[in-house]
Amino acid sequence: MRVYVSIDMEGVAGIATMDQVIRGGHGYPAAQRLMTAEANAAIAGAFDAGAESVLVNDSHGTMDNLIHEDLDPRARLIFGSPKLDCMAEGIGEDHDVALFLGYHAAAGEPGVLAHTYSSHFTEVRLNGVVVSEAEVNALRAAAVGVPVGLVTGDDVICATIRDRLPGARTVEVKTAHGYFAADSLSPTVARERIRAAAAETVEKAGELPTLQVPEELRLEIDMPSPAAAEQGAMIPGMTRTGDRTVEGSLANPREVLGVVTVCYQLAAAVAKSRARLYDA
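Residues numbered from 1 in each chain as written. Predicted model: local features only at pLDDT ≥ 70, side-chain atom pairs only at ≥ 80, totals over all residues. Heavy atoms only, no water.

A. How the structure looks around the sheet that holds strand β5 (residues 123–126). Overall, antiparallel pairing links the five strands, which are arranged β6-β5-β10-β12-β11 in an open sheet. If you trace the sheet from one side to the other, it starts and ends with β6 (129–130) and β11 (239–240), each paired once. Where β5 and β6 come together, two bridges link them in antiparallel fashion. Each bridged residue has a counterpart across the sheet, and for Arg125 the counterpart in β6 is Val130. (Pairing = 2+ DSSP bridges. Helix = DSSP H or I, 4+ residues; strand = E, 2+ residues; numbered from the N terminus.)

B. How the structure looks around the pairing of strand β10 (residues 217–222). Within β10, five of the six residues are buried, which leaves it mostly tucked inside the rest of the structure. Pairing analysis gives four bridges linking β5 to β10, with the strands arranged antiparallel. The residue of β10 that forms the bridge with Arg125 is Glu220. Across six bridges, the pairing between β10 and strand β12 (residues 245–250) is antiparallel. In the strand pairing of β12, Ile221 is matched with Val246. (Buried < 20%, exposed > 50% of the residue type's maximum accessible area, 1.4 Å probe, protein only.)

C. Spatial organisation of the packing of helix α2 (residues 28–48) against helix α5 (residues 187–203). It is at 7 Å that the axes of α2 and α5 come closest, and there the two elements cross at 35 degrees. Handedness of the crossing formed by α2 with α5: right-handed. Residues Leu34, Ala37, Glu38, Ala41, Ala42, Ala44, Gly45, Ala46 and Asp48 of α2 form the contact with α5, whose participating residues are Pro187, Ala190, Arg191, Ile194, Arg195, Ala198, Ala199 and Val202. Residues of the contact of α2 with α5, tallied by class, amount to twelve nonpolar, one polar and four charged. (Axes fitted to C-alpha atoms, helices over the stretch in contact; angles between N-to-C directions. Left-handed = near helix turned anticlockwise from the far one by under 90°. Contact = heavy atoms within 4.5 Å. Nonpolar A, V, L, I, M, F, W, Y, C, P; charged D, E, K, R; others polar.)

D. How the structure looks around the layout of surface pockets. The volume enclosed by the largest pocket comes to roughly 820 Å³. Contributing to the lining of the largest pocket are 32 residues, with His60, Gly61, Thr62, Tyr117 and Tyr264 lying nearest its centre. Of all the elements, helix α7 (residues 253–279) adds the most residues to the lining of the largest pocket, at six residues. Looking at the lining of the largest pocket, its residues break down into 14 nonpolar, twelve polar and six charged. Taken together, Leu126, Asn127, Val129, Val131, Glu135, Leu139, Arg164, Leu165, Leu211, Gln212, Pro214 and Leu217 form the lining of the second largest pocket. Residues that form the lining of the second largest pocket fall into these classes: eight nonpolar, two polar and two charged. (1 Å grid on protein atoms, 1.4 Å probe; cavity = no way out; pocket = protein on both sides within 12 Å on 5 of 7 lines; lining within 4 Å. Points joined across faces, edges and corners; volume = space filled by probe spheres on them.)

E. Region of interest: the environment of Thr170. Mapped onto the elements of the fold, Thr170 is located in strand β8 (residues 169–178). Taking the C-alpha atoms as reference, Thr170 lies 9.9 Å from Ala198; in sequence the two are 28 residues apart. One polar contact links Thr170 to Arg162, side chain to side chain, over a distance of 3.1 Å. (Polar contact = N/O pair within 3.5 Å; in protein donor to acceptor, adjacent residues only side chain to side chain.)

F. Here's a closer look at α2. In this model, α2 (21 residues) spans 30 Å end to end at C-alpha, consistent with the 30 Å of a helix rising 1.5 Å per residue. When you tally the buried positions in α2, you get 17 out of 21 residues, the bulk of the element. (Expected span 1.5 Å × (residues − 1).)

G. Geometry of the side chain of Asp154. Within the secondary structure, Asp154 sits in strand β7 (residues 148–154). One buried charge, Asp154, has no salt-bridge partner; the nearest side chain with opposite charge is Lys174, at 6.5 Å. Here the side chain of Asp154 touches Val156 through a polar contact of 3.0 Å, landing on its backbone nitrogen. Those residues in contact with Asp154 that sit more than four places away from it in its chain are Tyr103, Gly111, Val112, Glu172, Lys174 and Ala176. (Lys, Arg positive; Asp, Glu negative; His and termini not counted. Salt bridge = Lys/Arg side-chain N within 4 Å of Asp/Glu carboxyl O.)

H. Representation of the sheet that holds β7 in the model. Spatially, seven strands are ordered β3-β2-β1-β4-β7-β8-β9 in an open sheet, and the strand pairing comes out mixed. The outermost strands of the open sheet, each flanked by one partner alone, are β3 (76–78) and β9 (181–184). Each strand of the sheet is rotated relative to its neighbour by a mean of 20 degrees, with strand direction disregarded. Here strand β1 (residues 2–7) pairs with strand β4 (residues 97–103) via five bridges, running parallel. Paired with Tyr4 across the strands is Ala98, a residue of β4. Helix-sheet contacts for helix α3 (residues 133–143) involve β4 and β7, and the interaxial angle to β4 is about 165 degrees. Along the sheet, helix α4 (residues 155–164) makes contact with β4, β7 and β8, crossing β8 at roughly 140 degrees.

Structure below.
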């Protein structure tokens with residue numbers, strides 16, 4: 001049994017503020033430790049259930065947040081960015097199940113630190129439906145035949161997963177009380193629940209359904225400004241369909257992740273340019 005883990009930070013127990021999730025924030029070092037400990041809980045659970053290997057992909061921000069020397073040495077780690085498959089980097093046909101840890105709600109939803117890939121995007125839609133990172137990454141996993149068996153995070157993303165990813169277990173580690181506020185389990189309790197859920201997921205991985213990937217994926221991204229939308233429309237296959245919206249029909253989830261990654265970089269660059277202008 002080969003297990004794949006993608007771990008984000010915003011959905012980790014004990015984390016709810018921007019100061020914690022941004023490198024340089026006073027709370028960031030503690031958040032790194034919390035994130036690493038939840039990764040270790042899932043790794044331990046997977047091996048408890050007989051996993052042969054566990055591959056972890058650091059999926060938050062700059063994607064180099066986990067404390068390597070504190071990570072369970074039985075696992076391998078992919079880190080750094082940008083990556084071709086972004087938050088789903090490294091997943092392949094040789095994996096039997098995927099676990100998504102520390103995930104959060106989609107942009108525009110009332111979850112803790114809710115966004116979809118970039119805080120600069122106001123909304124991301126696939127085939128007309130607002131989607132979270134978990135759903136897009138699950139499609140990437142499905143494209144190589146891997147089911148998502150576990151998602152952890154706040155109550156908002158867990159409710160979405162129960163509705164849209166049949167068969168996937170959820171571990172709700174906190175309840176959203178606002179964009180920057182949460183009622184959280186003790187991190188120790190959260191880790192116990194994640195370890196148990198990971199073990200159960202791996203034990204029953206063969207029973208999990210795999211998502212059906214649509215033949216066409218129509219991606220829409222609401223960019224932060226007209227200037228960002230102008231640049232997004234320069235990506236081959238993408239067109240500007242509104243003041244701030246770019247849209248394109250893509251062949252597979254890997255193309256979706258590629259466009260998202262490029263739009264993320266464009267949106268960030270435009271935001272920095274605007275900030276310099278207003279600071280002048």
